[in-house]
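Read off the chains here:
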Amino acid sequence: MKVNNKYYRTIWAASDGEAVEIIDQRWLPHRFETERISTYSEMATAIRDMHIRGAGAIGAAAGFGMYLAVVSSDDSSVQHTIQKAAAELKTSRPTAVNLEWAVDGQLQALAVGDTLHEKKEIALRVAQKIADEDVEACRRIGEHGLEIIQTVAAAKQGERVNILTHCNAGWLAFVDYGTATAPIYAAHDVGIDVHVWVDETRPRNQGARLTAWELGQHGVPYTVITDNSGGHLMQHRMVDLVIVGSDRTSVTGFVTNKIGTYLKALAAKDNDVPFYVALPSTTFDWNMRDGLAESPIEERHGDEVKYASGLIEGDIRSVLLTPEDSRSVNFGFDVTPPHLVTGLITERGVIPPNETDILNVYPEKR
Ligand code: MRU
């Protein structure tokens, strides 16, 4: 995607081969900055503290983090460093399954390299493959999701199509294109009049800060709404469809996504608004069956609820919202059961959210 007319991915290998660069999402939308990351521990910190975030982007970050582990090793330490890096990266954030998938992919690939030089080449190749495949999967999700939007637009006879989204499942959350936003960009690019209701997504405001910025960069009309507005908009027929992303989806169709997704799905069901989840195959947890019981749900620091940050007189600052001694709790994700989901938009097409259909599309996972 382009930022101020220059093409960017969210993560890439530095040209000197010694480091990795990322778009540092902490300062958006107020400042666009990139960060150079030289060690796997710095990468784990960048994931944990959300310099880089979103299921696909942290999968790619974990892949590149493993590359950095090899780069900073010598012949005698490489095996040990790879194992330490894998453990640290895997625990940096618990919910998005893409992260452990990427680390496991690197571990498997690195088991065969004999020399340090070979391992470096393998780790870089695998990291780049993870990133490239993420881009291609998101591009295809855009194509499949476009067909859904085209059908809605045809039924509305060219009238504006209103899409509600939650959190940021845009290109910043992946390597490029995004999942929930990919169909929206594709629809906008073919001339469909789309407008996006952007949930602000408290407490970290990924919608208000990131999705709004992304859509604006691409010229897609949008309106930021409070997290509690979606039900009202749906009751008044102001939402034609909902498209969200996912951090982990069970083989049976339970969708783990940013906290608040479940409430949107309930409101959509009650108002007959189609509710789609866009995800690449790397976000399926092929071993998880009961998403409600089994999905790991990250609990982040309560201060994220008590404080909000934004631009104050040119500086990005944090302000206290609550009484200073308030208790707060901060579950990062919730689980939407399959009966509330209309379809899963994947790189292989749109799938009904049940095990039989999912495995028919991904037979190699049986
Ligand atoms: O906590 P975050 O910002 O990393 O949240 C994860 C997500 O990006 C969202 O849940 C998103 O909707 C899933 S798709 C990347």
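Attention here is on the structure that accompanies the text. Given the structure is predicted, the values throughout are model-derived calculations rather than measurements.

## Observations concerning the overall build of the protein
Right, so step 1: The number of helices and strands found in the protein is 12 helices and 18 strands.
Right, so step 2: In terms of overall size, the protein behaves like a compact globule, its C-alpha atoms giving a radius of gyration of 20 Å where 366 residues would be expected to give roughly 21 Å.
Right, so step 3: By the burial criterion, 56% of the 366 residues in the protein qualify as buried.
Right, so step 4: Here the analysis covers contacts within the protein between residues at least 6 apart in sequence; of these, 73% occur between residues at least 24 apart.
Right, so step 5: Carbon and sulfur atoms form 49% of the exposed surface of the protein, whose accessible area is close to 15500 Å².

## A few points about the packing of helix α1 (residues 40-48) against helix α3 (residues 78-90)
Right, so step 1: Interhelical geometry of α1 versus α3 gives an angle of 10° and a closest axis separation of 9 Å. The angle between α1 and α3 places the two elements in the roughly parallel class. Between α1 and α3, the residues in contact are Y40, S41, M43, A44, I47 and R48 and T81, K84, A85, E88 and L89, respectively.

## Considering the pairing of strand β14 (residues 307-312)
Right, so step 1: Sheet analysis places β14 next to strand β15 (residues 315-320), joined by six bridges and oriented antiparallel. The residue of β15 that forms the bridge with L311 is I316.
Right, so step 2: The turn joining β14 and β15, which pair antiparallel and follow one another in sequence, is formed by two residues; a positive phi near 45° is taken by E313.

## Concerning the pattern of salt bridges
If charged atoms from side chains of opposite charge come close, those side chains can pair.
Right, so step 1: Scanning the model with the defined rule gives 21 salt bridges in all.
Right, so step 2: Across the pair R289 and E355 runs a salt bridge, and its minimum N-O distance is 2.6 Å. Of this pair, R289 sits in the loop between β13 (284-285) and α10 (291-294) while E355 sits in helix α12 (residues 355-361); the two residues are 66 residues apart in sequence, bridging distant segments of the chain.
Right, so step 3: One network of salt bridges, in which partners are shared, links R93, R204, E298, R300 and E304.

## Comments concerning the side chain of T249
Right, so step 1: Within the element layout of this structure, T249 appears in strand β10 (residues 248-250).
Right, so step 2: The exposure class of T249 is buried, given its relative accessible area of 0%.
Right, so step 3: Polar side-chain contacts of T249 include one of 2.7 Å to the side chain of S246.
Right, so step 4: Among all residues touching T249, those that are not within four sequence positions of it are F254, V255, L279, T283, F284, D285, M288 and L344.

## Here we look at empty space enclosed by the protein
Right, so step 1: Under the criterion given, the structure shown has two cavities of 30 Å³ or more.
Right, so step 2: Of the volumes computed, that of the largest cavity is approximately 190 Å³.
Right, so step 3: Taken together, 23 residues line the largest cavity, and the ones lying closest to its centre are R53, G54, A55, N168 and D247.
Right, so step 4: Secondary-structure elements contributing two or more residues to the lining of the largest cavity are α2 (55-71) and β11 (255-258).
Right, so step 5: Grouping the amino acids of the lining of the largest cavity by side-chain chemistry returns 10 nonpolar, eight polar and five charged.
Right, so step 6: When we break the lining of the largest cavity down by domain, the ones giving at least three residues each are domain 1 (2-133) and domain 2 (141-365).
Right, so step 7: Its boundaries defined by the atoms lining it, the second largest cavity holds a volume of some 50 Å³.
Right, so step 8: Surrounding the second largest cavity, R202, P203, R204, Q206, K258, I259, R300, E304, N330, F331 and G332 form its lining.
Right, so step 9: Across the lining of the second largest cavity, the residue classes tally to three nonpolar, three polar and five charged.

Reading guide: rules and limits
- Here, residues in each chain are numbered from 1, in the same order as that chain's written sequence.
- Local features in a predicted model are, by the rule used here, given only for residues with pLDDT of at least 70; side-chain atom pairs are given and counted only at 80 or more, and totals for whole chains, interfaces and linings are based on all residues.
- As a rule here, side-chain values cover all heavy atoms of the structure and leave hydrogens and water aside.
- Counting from the N terminus, the helices are the DSSP runs of H or I reaching at least four residues and the strands are the DSSP runs of E reaching at least two.
- The size measure is the radius of gyration over C-alpha atoms, and the globule rule it meets is 2.2 Å times the number of residues to the 0.38 power.
- Whether a residue is buried, partly exposed or exposed follows from its accessible area with a 1.4 Å probe, protein chains only, as a fraction of its type maximum: under 20%, in between, or over 50%, in that order.
- The contact rule is simple, with two residues in contact once any of their heavy atoms fall within 4.5 Å.
- Using a 1.4 Å probe, the Shrake-Rupley method yields the accessible areas, and only the shown protein chains count as cover for residues.
- Only the stretch in contact is used when a helix axis is fitted, and all axes are lines through C-alpha atoms; the angle between N-to-C directions ranges over 0 to 180 degrees.
- These descriptions rest on fixed angle ranges, namely under 35 degrees for roughly parallel, over 145 for roughly antiparallel, 65 to 115 for roughly perpendicular, and the rest for oblique.
- When DSSP locates at least two bridges between a pair of strands, those strands are taken to pair.
- Salt bridge, as applied in this entry: a Lys or Arg side-chain nitrogen positioned within 4 Å of an Asp or Glu carboxyl oxygen.
- Polar contacts here mean pairs of N or O atoms no more than 3.5 Å apart (in protein, one a potential hydrogen donor and the other a potential acceptor; neighbouring residues in sequence count only if both atoms are side-chain atoms).
- A 1.4 Å probe that fits into a set of points on a 1 Å grid over the protein atoms alone but cannot get out defines a cavity; an open set with protein on both sides within 12 Å along at least five of seven lines defines a pocket, and lining residues are those with an atom within 4 Å of a point.
- Grid points are joined across faces, edges and corners, and a volume is the space filled by probe spheres set on the points.
- Nonpolar residues are Ala, Val, Leu, Ile, Met, Phe, Trp, Tyr, Cys and Pro. Charged residues are Asp, Glu, Lys and Arg, and all others, Gly as well, are polar.
- The source of the domain bounds is an automatic or database domain assignment.

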